[in-house]
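# Survey of secondary and tertiary structure
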Amino acid sequence: MKRLEGKVILVAGGGGIGNALSRHYGAEGASVVIGDNHPDRGQAVADGIVAAGGTAASIRLDGRDEDSIAAAVALAEQRYGGLDGLHVNFAALSEARDDSDVVNIPLDVFDRTMEVNARGYLLCTRHAIPAIIARGGGSVIYTGSAAAYVSEPVRVAYAMSKAAGHALMRHVAAAYGPQGVRANVIAPGMVRHEGWDRMPPDMATGIENAGKSVAAIKSRIARPEDVSAMGVLLMSDAGSYITGQVMGIDGGTTMRP
Ligand SMILES: NC(=O)c1ccc[n+]([C@@H]2O[C@H](COP(=O)([O-])OP(=O)(O)OC[C@H]3O[C@@H](n4cnc5c(N)ncnc54)[C@H](O)[C@@H]3O)[C@@H](O)[C@H]2O)c1
């Protein structure tokens, strides 16, 4: 028995981790709608899920564009009959280069980061919640980050935006728990994924070694499948009493109480 059979899940944001989430949800029997602001990339993942015998569709979803989010939820409802799960995963990572410290960060970089990583998460949630409640309840997952709760001298906007996602998660868990909606954050440590192939190999090895040096597990850093394994648990009925939590997938880097 596949663990997500009969469920419909919207994954908002593909890329290295989001593609793995979509594939894993599809392999476990879910009908998957993949939304990304580069829909061609999502289409390739949807095609792969279908070729493997699963069910998936791709749609343009931009976290800055409320209509595109509404359309993705409508696609799930119209084509697959409803929505059981929302996983918001996208992030404005191209802003990272200029996301410096509080004194120097250009305000447009701050605004663009918050618009996608905080406001975009809120928009996806407000459109998905009524659909999930109509289904009798379900699971909302946000991809967060340890940046929300460890100290960092740089990336002030990214850290603030990720903390916003963690706060949104607690709000959703508390406000809609009585109607059967669970909400959790998966906070990955450093994840090596297909996007790293575009990096010079020396740089990738350097970053990977830095990740290993701060983790308790030294043999490797995280893979996207480590994140999606937690996603499957939280989306599945086996996770039906888990809500309001931040699940760190970081090889023991943070070990929060
Ligand atoms: N890779 C890591 O080491 C790591 C660590 C901690 C947290 N995370 C988090 O994991 C998530 C995925 O990161 P990733 O490493 O897979 O990055 P990625 O760049 O591979 O994927 C990000 C995806 O988001 C999409 N996207 C960007 N802006 C968007 C928008 N406005 N609307 C819709 N889609 C948009 C991109 O097109 C891309 O497909 C992010 O939330 C990131 O903050 C990643």
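Up top is the structure these notes are about.
Okay, so let's go over this structure. (Residues numbered from 1 in each chain as written. Predicted model: local features only at pLDDT ≥ 70, side-chain atom pairs only at ≥ 80, totals over all residues. Heavy atoms only, no water.)

### Quick look at the overall build of the protein
Note the threshold: For helices the rule is a DSSP run of H or I covering at least 4 residues; for strands it is a run of E covering at least 2, with both sets numbered from the N terminus onward. Each radius of gyration reported is based on C-alpha atoms, and the globular scaling rule is 2.2 Å times the count of residues to the power 0.38. We call a residue buried when its accessible area falls under 20% of the maximum for its residue type, exposed when it is over 50%, and partly exposed in between, using a 1.4 Å probe and counting protein chains only. Whether two residues touch is decided by their heavy atoms; if any such pair falls within 4.5 Å, the residues are in contact. Each accessible area is a Shrake-Rupley estimate made with a 1.4 Å probe; only the visible protein chains count as cover when residues are assessed. His is not counted here, nor are the chain ends, while Lys and Arg score as positive and Asp and Glu score as negative. To locate a charge, take NZ of a lysine, CZ of an arginine, CG of an aspartate or CD of a glutamate.
Secondary structure summary: the protein contains seven helices and seven strands in total. From first element to last, N terminus to C terminus, the protein shows the α and β order β-α-β-α-β-α-β-α-β-α-β-α-α-β. Relative to a compact globule of 257 residues, whose C-alpha radius of gyration would be 18 Å, the protein shows 17 Å and is just as compact. Counting the 257 residues in the protein, one finds 49% classified as buried. Contacts spanning at least 24 positions in sequence make up 70% of the contacts within the protein whose residues lie at least 6 apart. Just so you have it, the protein exposes about 11900 Å², and 54% of that area is on carbon and sulfur atoms. A gap of 5 Å separates the mean positions of the 24 positive and 27 negative side-chain charges of the protein.

### A word on the packing of helix H3 (residues 66–80) against helix H4 (residues 107–134)
Note the threshold: A fitted line through C-alpha atoms represents every axis, and for helices the fit uses only the stretch in contact; the resulting angles, taken between N-to-C directions, go from 0 to 180 degrees. Here is the rule for angles: anything less than 35 degrees is roughly parallel, anything more than 145 is roughly antiparallel, 65 through 115 is roughly perpendicular, and the remaining ranges are oblique. Left-handed describes a crossing whose near helix is turned anticlockwise from the far helix through less than a right angle; right-handed describes the clockwise counterpart. In this count, Pro and Cys sit with the nonpolar residues alongside Ala, Val, Leu, Ile, Met, Phe, Trp and Tyr, while Asp, Glu, Lys and Arg are called charged and the others, Gly among them, polar.
Interaxial distance between H3 and H4 falls to 9 Å at its minimum, and their mutual angle equals 30°. The orientation of H3 relative to H4 falls into the category roughly parallel. Here H3 and H4 pass one another in a crossing that is right-handed. Residue-level contacts link Glu 66, Ile 69, Ala 70, Val 73 and Glu 77 of H3 to Gly 120, Leu 123, Cys 124, Arg 126, His 127, Ala 128 and Ala 131 of H4. Looking at the contact of H3 with H4, its residues break down into seven nonpolar, two polar and three charged.

### Focus: the side chain of Lys 162
Put simply, the rule is: Whenever Lys or Arg places a side-chain nitrogen within 4 Å of a carboxyl oxygen from Asp or Glu, that contact is recorded as a salt bridge.
Along the chain, Lys 162 falls in helix H5 (residues 156–176). Here Lys 162 is buried and forms no salt bridge, its nearest opposite-charge partner Asp 99 lying at an N-O distance of 11 Å. Apart from the residues within four sequence positions on either side, Lys 162 is in contact with Ala 91, Tyr 121, Thr 143, Gly 144, Ser 145 and Ala 148.

### With respect to the pattern of salt bridges
Scanning the entire structure with this criterion turns up twelve salt bridges. Here Glu 194 and Arg 23 are joined by a salt bridge, their closest N and O atoms 3.8 Å apart. One end of the pair, Glu 194, is in the loop between strand E6 (181–188) and helix H6 (201–214); the other, Arg 23, is in helix H1 (residues 15–27), with 171 residues separating them in the sequence. Each of Glu 95, Asp 108 and Arg 112 takes part in salt bridges that share partners, so that together they form one network.

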